[in-house]
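The chain contents come next:
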Amino acid sequence: MEIKKLENLVTEGRNENTLDIDRLSTLEIIEKINNEDKKVAYAVEEAKESIVKAVDVITERIKRGGRLLYMGAGTSGRLGILDASECPPTYGVSFELVQGLMAGGNTAIFKAAEGAEDNAELGKQDLIDKNLTANDVVCGIAASGRTPYAIGGMKYAKSVGAAVLCVTMNPQSDMAAIADVPISVVVGPEVIMGSTRMKAGTAQKLVLNMLTTATMIKLGKVYSNLMVDVKASNEKLVTRAKRIVMLATEVSEEEATKVLEETNFNVKLSILMIVSGLNKEKAEQLLKDSDGYIAKAIELSK
């Protein structure tokens, strides 16, 4: 990238508040970093209207049978993979529904493969390998907003009719010009110039949390503020499943465990059975008729 172009990026600016950071005490260094981090949530707030549009797009495409695929390099790619990997245990969805694609492949998750981010054809090929369709959503993630790997994927996604989003930290970026819904969160210069794993990375994590959490809520994966499609795949999650049922229905641990065992630890089904008094088969049908929305199923059971 030409130096002049780099200088024009907000994320590559020099932070006037931290010019003396190398001469400060440890406490003062931490305070400087913390003071800059405090600005991130407010920057995300400024982009909330775009985030709303993106959530609605993702929800609509998933209801059509589509998937959400994140694409990025370096920190951005790793954050996409992190967000995607946490959806199945939290919301009981398949590992195919939300996926993270990383420039350089899986080995780049642990060891930087910096050159891979410059390959636009690699981004396109990764989506071809995923059999991308018009029902899918592709979300490019890059602090700079100009990563060739993500741009190559986004352009290919548009060519097949997939919805295209992006999460960047620079306004009027190359990626924003391609996206159907661009999300630009301007966090300003980093504490250490160009270290976009800091404020930019924090902002990306906040936005990705919002995208998938709000989507899962709109898909009926949440009842009140309880994750009712959680997969009880380990001891901690088994305990959480019991607690969720107890909180949602006000029954004892013994009763919650009894019904959970009957439903093979299907939390949503267990709650509906307890609240409605229906047997397993009728509760299953009611959930199906309600498209998995437990609040709707409870209302219909009355």
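It should be noted that the structure appears before, not after, this text.
Residues numbered from 1 in each chain as written. Predicted model: local features only at pLDDT ≥ 70, side-chain atom pairs only at ≥ 80, totals over all residues. Heavy atoms only, no water.

Novice: Please provide a residue-by-residue account of the nonpolar core, values included.
Specialist: With 38 residues, the main nonpolar core has I183, V185 and L211 as its most contacted residues. Counting only elements with at least two residues in this core, the list comes to α3 (40–46), α4 (48–63), β1 (68–72), α5 (74–91), β3 (137–142), β4 (163–168), β5 (181–184) and α10 (199–218). When residues of this core are assigned to their parent elements, the largest contribution, 6 residues, is made by α10. The contacts of L211, once residues within four sequence positions are left out, are I51, A54, V55, I58, Y70 and I183. (Core = buried A, V, L, I, M, F, W, Y, C linked by side-chain atoms within 4.5 Å. Buried < 20%, exposed > 50% of the residue type's maximum accessible area, 1.4 Å probe, protein only. Helix = DSSP H or I, 4+ residues; strand = E, 2+ residues; numbered from the N terminus. Contact = heavy atoms within 4.5 Å.)

Novice: Run through the packing of helix α12 (residues 253–262) against helix α13 (residues 267–276), naming residues and quoting values.
Specialist: Between α12 and α13, the least distance of the axes is 9 Å, while the angle of their chain directions is 120°. Taken together, the axis directions place α12 and α13 in an arrangement best described as oblique. Handedness of the crossing formed by α12 with α13: right-handed. In this structure, α12 uses V259, L260 and E262 to contact α13, whose residues at the interface are V267, S270, M273 and I274. Of the residues in the contact of α12 with α13, the class split is 5 nonpolar, 1 polar and 1 charged. (Axes fitted to C-alpha atoms, helices over the stretch in contact; angles between N-to-C directions. Parallel < 35°, antiparallel > 145°, perpendicular 65-115°, else oblique. Left-handed = near helix turned anticlockwise from the far one by under 90°. Nonpolar A, V, L, I, M, F, W, Y, C, P; charged D, E, K, R; others polar.)

Novice: Break down the layout of surface pockets for me, citing the residues and quoting the values.
Specialist: A volume near 260 Å³ is recorded for the second largest pocket. What lines the second largest pocket is a set of 14 residues, among which I81, Q99, G100, L101 and N106 lie closest to the centre. Taken together, the elements giving at least two residues each to the lining of the second largest pocket come down to α5 and β2 (98–102). Among the elements that take part in the lining of the second largest pocket, β2 stands out by supplying 5 residues, more than any other. Among the residues forming the lining of the second largest pocket, the class breakdown is 7 nonpolar, 5 polar and 2 charged. (1 Å grid on protein atoms, 1.4 Å probe; cavity = no way out; pocket = protein on both sides within 12 Å on 5 of 7 lines; lining within 4 Å. Points joined across faces, edges and corners; volume = space filled by probe spheres on them.)

Novice: Residue-level account of α10, with values.
Specialist: The terminal C-alpha atoms of α10 lie 29 Å apart, and with 20 residues this matches the ideal 28 Å at 1.5 Å per residue to within 8%. A positive backbone phi angle near 85° is found at G220, which sits one or two residues after α10. (Expected span 1.5 Å × (residues − 1).)

Novice: Which residues make up the pattern of salt bridges, and what are the values?
Specialist: Should the charged atoms of two oppositely charged side chains come close, the side chains can pair. This structure, assessed with the given rule, holds 11 salt bridges. Between D20 and K32 there is a salt bridge, with its nearest N and O atoms 3.6 Å apart. Remark: K32 occurs in helix α2 (residues 26–37) and D20 occurs in the loop between α1 (3–7) and α2; sequence separation between them is 12 residues. What makes D20 partly exposed here is its relative accessible area of 27%. Note on K32: relative accessible area 25%, which makes it partly exposed. For K199, the salt bridge identified is with E36, shortest N-O distance 2.8 Å. (Salt bridge = Lys/Arg side-chain N within 4 Å of Asp/Glu carboxyl O.)

Novice: Tell me about the sheet that holds β5, and please be specific about residues and values.
Specialist: Two orientations exist for strands paired in a sheet by backbone hydrogen bonds: parallel and antiparallel. Strand order in the open sheet formed by 5 strands is β2-β1-β3-β4-β5, with parallel pairing between adjacent strands. For this open sheet the edge positions go to β2 and β5, each flanked by a neighbour on one side alone. Averaged over all neighbouring strand pairs, the angle between strand axes comes to 20°, with direction disregarded. Where β1 lies against β2, 5 bridges are found, and the strand directions are parallel. In the strand pairing of β2, L68 is matched with V98. Where α4 meets the sheet, its contacts fall on β1, β3, β4 and β5, and the angle it forms with β5 comes to roughly 140°. Along the sheet, α5 contacts β1, β2 and β3; its crossing angle with β2, the most-contacted strand, is approximately 155°. (Pairing = 2+ DSSP bridges.)

Novice: With reference to specific residues and values, describe the pairing of β4.
Specialist: Counting buried positions along β4 yields 6 of 6 residues, so the element is predominantly enclosed. Side chains of β4 alternate between two faces, with A163, L165 and V167 and V164, C166 and T168 buried alike. Across 6 bridges, β3 lies against β4 in parallel orientation. By the bridge assignment, V138 is partnered in β4 with V164. This β-α-β element, β3 to helix α8 (residues 148–159) to β4, shows right-handed connectivity. With 4 bridges joining them, β4 and β5 adopt parallel strand pairing. Pairing of V167 across the sheet is with I183, part of β5. (Right-handed = clockwise from strand over helix to strand, strands pointing away.)

Novice: Tell me about the packing of α5 against α10, and name the residues and values.
Specialist: Their axes nearest at 10 Å, the elements α5 and α10 cross at an angle of 30°. Relative to α10, α5 is oriented roughly parallel. Once α5 is placed against α10, the crossing between them reads as right-handed. Residues T75, S76, L79, G80, L82, D83, E86, C87 and Y91 of α5 pack against G201, Q204, K205, L208, N209, T212, T213 and M216 of α10. Looking at the contact of α5 with α10 residue by residue, the class counts come to 6 nonpolar, 8 polar and 3 charged.

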